[in-house]
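A look at the structure
What follows is each chain in one-letter form.
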Amino acid sequence: MKAWLRKNKGLLLALSLTLAFVVAESLVFYYKGSFALTIIPLALLVVWLFVTRFETGMLSIALLTPFAVNMTLMPGMELSMPVEPMMILFTLIFFFRVLVAHNYDLRLLRHPVSLLLMASVAWMFITSCTSQLPWVSFKYTLARIWFVVPFFFANAQIFSNRRRIHEFFWAYAIGLGVVILIATAKTLGNFSDLQTLHRVMKPFFNDHTAYGCVIALFLPAAFYFIFSEGHTGWRRVLTLLLFALLCVGLFFSYCRAAWLSVLGAIGVYVLIRLGMKVHWMVLLFGIGVGAFFMYQSEVLYQLGKNKQDSSYDLAGQVKSISNISTDASNLERLNRWASAMRLWKEHPVLGCGPGTYQFLYGSHQRSYQLSTISTNAGDLGNAHSEYIGPMTEQGLPGLLLVAALFLTTFATGVRLYRTAKDPEVGRMALAFTLSLLTYYIHGVFNNFLDTDKLSVPFWAFTAVIVSLDIYCEKKEIRH
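These figures come from a predicted structure and were not determined experimentally.

A count of helices and strands for the protein chain gives 21 helices and 2 strands. Sequence separation of 24 or more characterises 73% of the internal contacts of the protein chain that already satisfy a separation of 6 or more. When the accessible area of the protein chain is evaluated, it comes to approximately 22500 Å², of which 69% is carbon and sulfur surface.

See the structure below:
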């Protein structure tokens, strides 16, 4: 036990500071009624932590993220508190450390995933300059920078020590586990009220889809840690309990896209274990997409005959996935996609600008496509797709960069699984690749990379793949 305490003192310090912060904030807010009174001591605490305990500061952000809530600090400025100000500060300190110490491993910057990510951010900046709403786009692009710099670029080097990967996973998982317990407790007694079940995760998550998505993201990695060499005895029991809790949370999220993403990841895992090459998987996916468009009339006709709406009943909820005739959620998603395509046709190369879709799509709706939850103002959020959204806002190059980034990360993870000299590294790479794959699949139906809840683990898990690829030994492959 003492050895474990010494080994994980960084994580324990982050947990202690987070607990102290939450208690202090709650007391001050309760008695004084003003969040502003704690800004100065909080800022001093965070600066001290990031300067003296840089990696522990990262763990603190990960631990706090599941509890963060959106707050309006001033008109037109809303941040996820307290983590987004911490991310901004962490980004600035990271840049300062790199410029002063010159100790960043340039191999990480030359990795194909890193190059595609930098190209994507650069293209976001270019399309912000041509945006229909430049101020909105530049704020959106800045937010992307303080998401990817700490959690991808900083973590990619931090994760050269594989123990840090375990610590980061557990830091976020602890916070997420508490949120799942709270949401599950609120679910009890409300099984017949689907609208209530969709709100039990508030105020920590805005809706059940993001909640289900992040749980699905953690499931493959949690399953790996159950059987990893470093988890034995009571650690394995704790990991097994976490995995069971994630399964319960996923089920009660009633998020159909999250369920599909996990099933899709399991299917791809089977293909990988059977030895299928990545390019054959991509070809198989392309054939499926091509077949859909070739026979779309027949497919849509059959889907239109399904009248099963969303339901608290598992069978009904699963059946409602293909209901595009009466299910409000599915109809609204189709409405958003159709509006996005019309908007993209007006700006096919540069798009309408990052982050602007939610302010512009209203006039591109058609009355015959509106659902019962649509608004004429068109003010209900983004395009509900991690692929259609960037295409609409950043043009066709934006879509291609996102697709290339996801595909390259996936291919790197699969290659690592097959070539890592240490089998444990290979299994870890595969687990985090499958975790990311759940988001790639979920991204067809929703997009959450503009939020801290998903960006923090998503970019960190991507950094795991890149870091393992740079720092692990590979087997020689003879052709």
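The next subject is the packing of helix α13 (residues 256-273) against helix α19 (residues 388-419). Where α13 contacts α19, the two axes come as close as 12 Å, and the packing angle between them is 45 degrees. Considering the angle they form, α13 stands oblique to α19. Handedness of the crossing formed by α13 with α19: right-handed. Note on element contacts: α19 touches α13 through Phe410, Val414, Tyr417 and Arg418, opposite Val268, Ile272 and Arg273. Partitioning the contact of α13 with α19 into residue classes produces 5 nonpolar, no polar and 2 charged.

Applying the stated criterion across every chain, the model contains 29 aromatic pairs. Plain terms: the ring middles of Tyr172 and Phe218 are 5.1 Å apart, the flat faces sit at 20 degrees to each other, and that makes the pair stacked. A residue pair is termed long-range when its members are at least 10 positions apart, and Tyr172 in helix α9 (residues 162-187) and Phe218 in helix α11 (residues 208-227) qualify at 46 residues. The exposure classification of Tyr172 matches that of Phe218, with both residues buried. Linked through ring pairs, Phe169, Trp170, Tyr172, Phe218, Tyr224, Phe225, Phe432 and Phe461 together constitute an aromatic cluster.

On to the packing of helix α4 (residues 54-64) against helix α8 (residues 134-158), then. At their nearest, the axes of α4 and α8 sit 12 Å apart, and the two run at 135 degrees to each other. Compared by their axis directions, α4 and α8 come out oblique. Of the two possible hands of crossing, α4 and α8 adopt the one that is left-handed. For the pair formed by α4 and α8, the contact residues are Phe54, Glu55, Met58 and Ile61 on the first element and Pro150, Phe151, Ala154, Asn155 and Ile158 on the second. Of the residues assigned to the contact of α4 with α8, the class counts are 7 nonpolar, 1 polar and 1 charged.

Right, let's talk about the nonpolar core for a bit. Counting 120 residues, the largest nonpolar core has Phe169, Phe218 and Trp459 as the members making the most contacts within it. The biggest single contributor to this core is α11, with 14 residues. Dropping the residues within four chain positions of it, Phe169 is found in contact with Phe218, Ala221, Ala222, Phe225, Leu242 and Phe461. Counting residues in hydrophobic clusters, the runner-up holds 8 residues, among them Trp337, Leu343, Cys352 and Tyr361.

A separate point is the pattern of salt bridges. Counted according to the given criterion, the structure contains 9 salt bridges. Measuring nitrogen to oxygen at the nearest pair gives 2.8 Å for the salt bridge that ties Arg164 to Glu167. Of the two residues, Arg164 and Glu167 both sit in helix α9, 3 residues apart, roughly one turn of that helix. The burial state of Arg164 is the same as that of Glu167; both residues are buried. The partner of Glu424 in a salt bridge is Arg427, and the shortest N-O contact between them spans 2.8 Å. Of this pair, Glu424 and Arg427 both sit in helix α20 (residues 423-442), 3 residues apart, which is roughly one turn of that helix. A relative accessible area of 6% places Glu424 in the buried class. A relative accessible area of 38% means that Arg427 is categorised as partly exposed.

For Ala463, the location among the structural elements is in helix α21 (residues 452-471). Under the relative-accessibility criterion, Ala463 is labelled buried at 0%. Placed 350 residues apart in sequence, Ala463 and Val113 show a C-alpha to C-alpha distance of 9.1 Å. When residues no more than four places from it in sequence are discounted, the contact partners of Ala463 are Phe151, Phe152, Asn155, Ala156 and Phe159.

This part covers the side chain of Ser114. In this fold, Ser114 is placed in helix α7 (residues 112-129). For Ser114, a relative accessible area of 1% puts it in the buried group. Of the polar contacts made by the side chain of Ser114, one reaches the backbone oxygen of Leu108; its length is 2.5 Å.

A separate point is the side chain of Asn382. You can see Asn382 is positioned in the loop between α18 (357-360) and α19. One polar contact links the side chain of Asn382 to the main-chain amide nitrogen of His384, over a distance of 3.1 Å. At 3.2 Å, the side chain of Asn382 and the backbone oxygen of Asn447 are in polar contact. When neighbours within four sequence positions are excluded, Asn382 is seen to be in contact with Arg336, Tyr357, Gln358, Asn447 and Asp450.

Reading guide: rules and limits
- Residues numbered from 1 in each chain as written.
- Predicted model: local features only at pLDDT ≥ 70, side-chain atom pairs only at ≥ 80, totals over all residues.
- Heavy atoms only, no water.
- Helix = DSSP H or I, 4+ residues; strand = E, 2+ residues; numbered from the N terminus.
- Contact = heavy atoms within 4.5 Å.
- Areas by Shrake-Rupley, 256 points an atom, 1.4 Å probe, with all protein chains shown as cover.
- Axes fitted to C-alpha atoms, helices over the stretch in contact; angles between N-to-C directions.
- Parallel < 35°, antiparallel > 145°, perpendicular 65-115°, else oblique.
- Left-handed = near helix turned anticlockwise from the far one by under 90°.
- Nonpolar A, V, L, I, M, F, W, Y, C, P; charged D, E, K, R; others polar.
- Phe/Tyr/Trp six-rings, centres within 6.5 Å; stacked < 30°, edge-to-face > 60°.
- Buried < 20%, exposed > 50% of the residue type's maximum accessible area, 1.4 Å probe, protein only.
- Core = buried A, V, L, I, M, F, W, Y, C linked by side-chain atoms within 4.5 Å.
- Salt bridge = Lys/Arg side-chain N within 4 Å of Asp/Glu carboxyl O.
- Polar contact = N/O pair within 3.5 Å; in protein donor to acceptor, adjacent residues only side chain to side chain.

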